[in-house]
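Architecture at a glance
Here's the letter readout for the chains.
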Amino acid sequence: MNSENFSLSERLVSASYVRQGSQARRGHEQLIRLLLEQGKCPEEGWSESTIELFLNELALMDSNNFLGNCGVGEREGRVASGLVARRHYRLIHGIGRSGDIAAVQPKAAGSSLLNKITNSVVLDILKVAGVRSVSSCFVLPMATGMSLTLCFLTLRHRRPKAKYIIWPRIDQKSCFKAMVTAGFEPVVVENVLEGDELRTDLQAVESRIQELGPDSVLCVHSTTSCFAPRVPDRLEELALMCAKYDVPHIVNNAYGVQSSKCMHLIQQGARVGRIDAFVQSLDKNFMVPVGGAIIAGFDEAFVQEISRMYPGRASASPSLDVLITLLTLGTGGYRRLLKERKEMYTFLAEELKTLAAAHGERLLHTPHNPISLGETTHNSASNFAMKRTQIHPDSCV
């Protein structure tokens, strides 16, 4: 309803009532205007009505929703099921073009605007979460592992002689397969035990760079979020080392956005040394369905280079999901969730400490890991082994 239609409505309904409706409508439109003007996540979350109004307006800008449109090409946004169309708010064209996932589509101004706004809002949230100097990011419809692969493939064009990726060990398959899938040989650097914590062996990393030669190293692939007793890598020291040897540095920050400690490590690493890109999962940090990630960095040109490496168009679902979620929460709501997570972590640590003591075990002292906790299993392991032997024959009958 525009101003002309509201004026016409006054012929049918009392003008005072119509004006109330018009004012209510302007309230929604004011929120949308501020979002488009500032490109930042609103401080207070939006109502579902405002979000749906915004998404419906975007959908009407896509050619598949034009009145009287009869598309005859291969990319006309055809959908057989009305249920599927409603599930995606009739935003059917996806995002990007064949040469760049961030490019604007001529037939889909609404979907293109959705993509741009989502990337802008997510960039704002990354700054709110602690990486204030991040300059660019984009949402990718692939999970963390494949997004890391895309980063490595992009670096291949910059470092054609490189064969190796130096990787402080973390026992997680996706990040390992990301390197192999990209066609590189992981050089695994074992961690060192300091107290209860497994920490980055900086001397060993530097030795590998020197032995292999910096030109043969595609990058150092470090990790923030991880399971205890492993703790986040020494990002500041690694960043300084990468700057010293002119070796790129890619950070696996899979579920680190929710941790102020992990985000602080990235911010500091970029401040004192070199971090080319950091990758984080959408579902682990923003409570949306699995299937999306954020690639972010401090050099806008390099981040854009990564986006251009993605072949073809892409699904808009991850972008749509995270935009809806962040508009619902607002920065205030997201900050509250981050605060609650910290409080729950402290509570869980105290309770696990009590539980472990009750069974003759102890909670591992891993102060550098702000996400994960671990405990010893000396007594529990022997009891479990005995019970497993007793139960096993029956379970095989």
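Residues numbered from 1 in each chain as written. Predicted model: local features only at pLDDT ≥ 70, side-chain atom pairs only at ≥ 80, totals over all residues. Heavy atoms only, no water.

1. Some points on the overall build of the protein chain
Tallying secondary structure elements over the protein chain gives 14 helices and 9 strands in all. Dimensions along the principal axes, computed over C-alpha positions, put the protein chain at roughly 80 × 55 × 50 Å. In the protein chain, 69% of the contacts between residues at least 6 apart in sequence involve partners at least 24 apart. On the protein chain, roughly 19900 Å² of surface is accessible, and the fraction owed to carbon and sulfur atoms is 54%. Distance from the positive charge centre (44 side chains) to the negative charge centre (41 side chains) of the protein chain: 3 Å. (Helix = DSSP H or I, 4+ residues; strand = E, 2+ residues; numbered from the N terminus. Contact = heavy atoms within 4.5 Å. Areas by Shrake-Rupley, 256 points an atom, 1.4 Å probe, with all protein chains shown as cover. Lys, Arg positive; Asp, Glu negative; His and termini not counted. Charge placed at Lys NZ, Arg CZ, Asp CG, Glu CD.)

2. Digging into the sheet that holds strand β3 (residues 185-189)
In spatial order, the strands read β1-β9-β8-β7-β6-β2-β3; together these 7 strands make up an open sheet with mixed pairing. Each edge of the open sheet is held by one strand with a lone partner, namely β1 (136-140) and β3. Taking each pair of neighbouring strands and ignoring which way they run, the sheet shows an average axis angle of 20°. Looking at chain direction, strand β8 (residues 277-281) and strand β9 (residues 293-297) are connected through 4 bridges and run antiparallel. The residue of β9 that forms the bridge with Q280 is I294. Its contacts with the sheet put helix α12 (residues 300-309) on β1, β8 and β9, and the angle it makes with β1 is roughly 20°. (Pairing = 2+ DSSP bridges. Axes fitted to C-alpha atoms, helices over the stretch in contact; angles between N-to-C directions.)

3. Focus: the packing of helix α8 (residues 202-212) against helix α9 (residues 235-245)
Helices that pack against each other are described as a pair by the angle of their axes relative to one another and the distance between those axes. At a minimum axis distance of 11 Å, the contact between α8 and α9 shows a crossing angle of 20°. One way to sum up the angle between α8 and α9 is to call them roughly parallel. α8 and α9 meet at a crossing whose hand is right-handed. Contacts between α8 and α9 pair L202, V205, E206, I209 and Q210 from the former with E237, L238, M241, K244 and Y245 from the latter. Partitioned by chemical class, the residues of the contact of α8 with α9 number 6 nonpolar, 1 polar and 3 charged. (Parallel < 35°, antiparallel > 145°, perpendicular 65-115°, else oblique. Left-handed = near helix turned anticlockwise from the far one by under 90°. Nonpolar A, V, L, I, M, F, W, Y, C, P; charged D, E, K, R; others polar.)

4. Details of the pattern of salt bridges
As enumerated under the stated definition, the model contains 14 salt bridges in all. A salt bridge links R158 to E305; the shortest N-O distance between them is 2.9 Å. In this pair, R158 sits in helix α6 (residues 144-158) while E305 sits in helix α12, placing the two residues 147 residues apart along the sequence. Note that E194 is salt-bridged to R234, the shortest N-O span being 2.9 Å. In this pair, E194 sits in strand β4 (residues 192-194) while R234 sits in the loop between β6 (217-223) and α9, placing the two residues 40 residues apart along the sequence. Its relative accessible area of 36% is what places E194 among the partly exposed residues. (Salt bridge = Lys/Arg side-chain N within 4 Å of Asp/Glu carboxyl O. Buried < 20%, exposed > 50% of the residue type's maximum accessible area, 1.4 Å probe, protein only.)

5. Side note on the side chain of S259
One can find S259 in the loop between β7 (249-252) and α10 (260-272). When sequence neighbours within four positions are dropped, the list of residues in contact with S259 reads R341, P370 and I371.

6. Topic: the confidence of the model for the protein chain
The predicted coordinates ought not to be read in detail in places where the model reports low pLDDT. Of all residues in the protein chain, 94% attain a pLDDT of 70 or more, and the chain-wide mean is 91. Confidence drops under a pLDDT of 50 for residues 388-397, and excluding neighbours within four residues, the segment shows 0 contacts in the predicted structure. (pLDDT = per-residue confidence, 0-100.)

7. Regarding unusual backbone geometry
Geometrically, the link from A228 to P229 is a cis peptide bond, its omega value of 10° lying close to zero. Relative to the assigned elements, P229 resides in the loop between β6 and α9. Located in the positive-phi region is R90, a residue other than glycine, with phi close to 60°. Among the structural elements, R90 can be located in the loop between α4 (82-87) and α5 (109-128). R90 sits in the partly exposed class, given a relative accessible area of 30%.

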